[in-house]
Amino acid sequence: MLDATMTTTTSNPNAALDAVIEAAKKHSAVPLWPVLGTLSTPEPRPKAVPHIWPFAVMRPFCEAAAKLVGTEFAERRVFSLINPALGDPYTTDTLYAGLQTILPGEVARAHRHTIFALRFIIEGDRAYTAVEGEKVMMQRGDLVLTPQDEWHDHGNEGDKIMIWMDGLDHPIWRAVPLVFTEHYGNKQFPSEVTTKPSVRKYPWDEMQAKLDAPSGPTAEVPYVHRGTGGEIGATIGASAIRINAGAETPALRETSSSIINVYQGSGTALIGGETLRFTQGDVIAVPAWKQVRFRADTGGTTYLFRMHDRPLVRALNAYRADAGAVGA
Ligand code: GTQ
C-alpha cells in the first residue's frame, strides 16, 4: 500500500515517483509508460534473421542420428532447425521446421496434439504417415497434413532412408500455452491405404502441373484444402513456386513469415539485404517484414515449397504486404 507520507517527505519528484513504483512492484504492478514504445512499435520487429540449412550439411546428421538412436527412444527423430537469433522451437518468430528421419522397418509411434503439422517429403519413398486411420503413402515432393487432434504415426516400408521436413506451429503455442497431447495405447493407430484423393495429401505431380500451366517466367500456386476449399490449416498455409532458369520472383515484403524447402534446382534468395545460395533439399527461414526475392540459376527450372503463417496473421487482422521493391 502507498504510504501517504511518501509523497510528502521528499521534495524530489523523481525520488517520489521511484518510491511509488517500488511500492507498486510489491503488488505485482509496474509502470507501462517507460516500455510502451517497445510494445507498440511503428513497424513490425520480428526477431528472426534470414537463415539457410543446407541439406548437404544436415543430411549426414540425420543419417548419423538414425544409426545411433532408434525410434523406440526418439518418438520423433528430428533435428529442429533453430533460428540463430531465437531459441528452440523457433525457426521464424511463429513457425517451426525440423528434419525427420525414418529408416526402413521403423515406426514413429502414434500420438495426437492440438499442434498443427505438415510434412514435405525431401527424400525416399514407400514410407507413410497414418493419419486418423488413413494410411497416406509419401514420396518426394508430397505435402502431407496431420491436422490438429488427429492420431498420427509414421513408418517406412521401403528399403531406403526417408527424410522429410516437418512444419509445425509450435512457436504459437508458446504464446498461447493451450496444448493437449495424447499418446495412443499401441504403437500404431489402425490404418488403411485409401485410393481416393485425400484431404491430407497433396502430391507433387498435381502441384507441378498447376505451376507449369501458366506461361511466364515465374508462378506461385497456393495449396487449397480439398475439404474446405481454404487454407490447409488454421494457422499455417502453403504454396509452391516455379522459377524458370535465370528468372526472379517479384519482390515481396509481408507481415507473414515463411519457411522454404527447395524441391528442385538452385539459386539465390535475397532476403532483407542478405544473399543466401540454395540448392535442392535446403531449408530457408524467411522472417516477416523483410523483402524477399528468389532468383533461379540458369541451369534449369527451380521449384520451391513454401509454408507460411498467413492464416494466423490474417486471423489477427495484421496481414499487410508491399509488392515491388521497398528497400531492404
Ligand atoms: O511428427 O508428430 O518435428 O510431434 C515435432 C513434433 C514432428 C511429429 C516434429 C512432432 C512431430
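A brief look at the structure comes next. Throughout this description, residue numbers start from 1 for each chain and increase along the sequence as written. The predicted nature of this model means local features are confined to residues of pLDDT at least 70 and side-chain atom pairs, given and counted, to a pLDDT of 80 or more, with totals for whole chains, interfaces and linings taken over all residues. Hydrogens and water molecules were not included; the side-chain quantities draw on all heavy atoms of the structure.

1. Regarding the layout of surface pockets
As a reminder of what qualifies: Lining residues are those with an atom within 4 Å of a point, where the points come from a 1 Å grid over the protein atoms alone and group into cavities, where a 1.4 Å probe fits but cannot get out, or pockets, open sets with protein on both sides within 12 Å along at least five of seven lines. Grid points are joined across faces, edges and corners, and a volume is the space filled by probe spheres set on the points. Labels follow the DSSP assignment, with helices taken as runs of H or I lasting at least four residues and strands as runs of E lasting at least two, numbered in each case from the N terminus.
Approximately 830 Å³ is the volume found for the largest pocket. Along the walls of the largest pocket sit 28 residues, with Pro 44, Arg 45, Pro 46, Thr 94 and Thr 255 positioned nearest its centre. Of all the elements in the fold, those that place two or more residues in the lining of the largest pocket are helix 3 (36-39), helix 5 (172-175) and helix 7 (310-315). In terms of residue count, helix 5 provides more of the lining of the largest pocket than any other element does, three residues in total.

2. Looking at the site of the ligand
Just so we agree on the cut-off: Here, proximity means that at least one heavy atom of the residue falls within 4 Å of the molecule or strand. Here a polar contact is taken to be a pair of N or O atoms separated by no more than 3.5 Å, where protein atoms must pair a possible hydrogen donor with a possible acceptor and residues adjacent in sequence count only if both atoms sit in side chains. Note on areas: these come from Shrake-Rupley sampling with a 1.4 Å probe, and a residue is covered only by the protein chains present in the view. Ten residue types, Ala, Val, Leu, Ile, Met, Phe, Trp, Tyr, Cys and Pro, are classed as nonpolar, four, Asp, Glu, Lys and Arg, as charged, and the remainder, Gly among them, as polar.
Taken together, Arg 76, Val 78, Tyr 96, Gln 100, His 111, His 113, Arg 119, His 152, His 154, Asp 166, Leu 168 and His 170 make up the full set of residues adjacent to the ligand. The separation between an oxygen atom of the ligand and a polar side-chain atom of Gln 100 is 3.2 Å. A distance of 2.9 Å separates an oxygen atom of the ligand from a polar side-chain atom of His 154. When the ligand is considered free in solution it has 290 Å² of accessible area, and contact with the protein chains removes 91% of it. Those elements giving two or more residues to the shell around the ligand turn out to be strand 3 (96-102), strand 4 (107-113), strand 9 (152-156) and strand 10 (162-168). Taken together, the residues of the shell around the ligand sort by class into three nonpolar, six polar and three charged.

3. Structural notes on the packing of aromatic side chains
Condition: For Phe, Tyr and Trp, where Trp contributes only its six-membered ring, two rings pair if their centres lie within 6.5 Å, and the inter-plane angle classes them as stacked under 30 degrees, edge-to-face over 60, or tilted in between. Under the scheme applied here, a residue whose accessible area is under 20% of the maximum for its type counts as buried, over 50% as exposed, and between as partly exposed, the area being computed with a 1.4 Å probe on protein chains only. Should the NZ of a Lys or the CZ of an Arg lie within 6 Å of a ring centre and within 35 degrees of the ring normal, that charge is described as sitting over the ring.
In this structure the tally under the stated criterion is 11 aromatic pairs. For the ring pair Trp 151 and Phe 189, a centre distance of 6.0 Å and an interplane angle of 15° mean the geometry is stacked. Of this pair, Trp 151 sits in the loop between strand 8 (143-146) and strand 9 while Phe 189 sits in the loop between strand 11 (181-183) and strand 12 (192-193); the two residues are 38 residues apart in sequence, bridging distant segments of the chain. Using a relative accessible area of 9% as the deciding quantity, one classes Trp 151 as buried. Site record: aromatic cluster; members linked through ring pairs are Phe 120, Tyr 202, Trp 204, Tyr 223, Tyr 263, Tyr 303 and Phe 305. Against the face of Trp 289 rests Arg 253, its NZ or CZ located 3.8 Å from the ring centre. Positioned above the aromatic ring of Tyr 319 is the side chain of Arg 314, whose terminal nitrogen or guanidinium carbon lies 4.3 Å from the ring centre.

4. As for helix 2 (residues 13-25)
We apply this condition: How far a helix is expected to stretch is found by multiplying one less than its residue total by 1.5 Å. Of all possible arcs, the one meant is that of the directions from the helix axis to the C-beta atoms.
If you check helix 2, its first and last C-alpha atoms are 18 Å apart, about what 13 residues at 1.5 Å a residue would give, namely 18 Å. Within the span of helix 2, buried status applies to Ala 16, Ile 21 and Ala 23. The buried residues of helix 2 occupy one face: seen down the axis, they fall within an arc of 165°. Of the residues that open helix 2, the one with a side-chain oxygen 2.9 Å from the backbone nitrogen of Asn 14 is Asn 12.

5. Notes on a nonpolar patch on the surface
We count it as follows: Patches in this entry comprise residues that are over 30% relatively accessible and not in a salt bridge; like charges within 9 Å are linked, as are nonpolar side chains (Val, Leu, Ile, Met, Phe, Trp, Tyr) within 5 Å. Here a salt bridge means any side-chain nitrogen of Lys or Arg lying within 4 Å of a carboxyl oxygen belonging to Asp or Glu.
The grouping of Leu 32, Val 35, Leu 36 and Leu 39 at the surface amounts to a nonpolar patch, some 370 Å² of accessible area in total. Note that Leu 36 resides in helix 3.

6. Describing the sheet that holds strand 12
What counts, and what does not: At least two bridges found by DSSP between two strands is the condition for calling them paired.
Read across the open sheet, the six strands follow the order 11-4-9-6-7-12; overall the sheet is mixed. If you trace the sheet from one side to the other, it starts and ends with strand 11 and strand 12, each paired once. Bridge count between strand 4 and strand 9: three bridges; the pairing is antiparallel. Across the sheet, residue Ala 108 finds its bridge partner in strand 9, namely His 154.

By themselves, these observations are geometric and do not establish any function.
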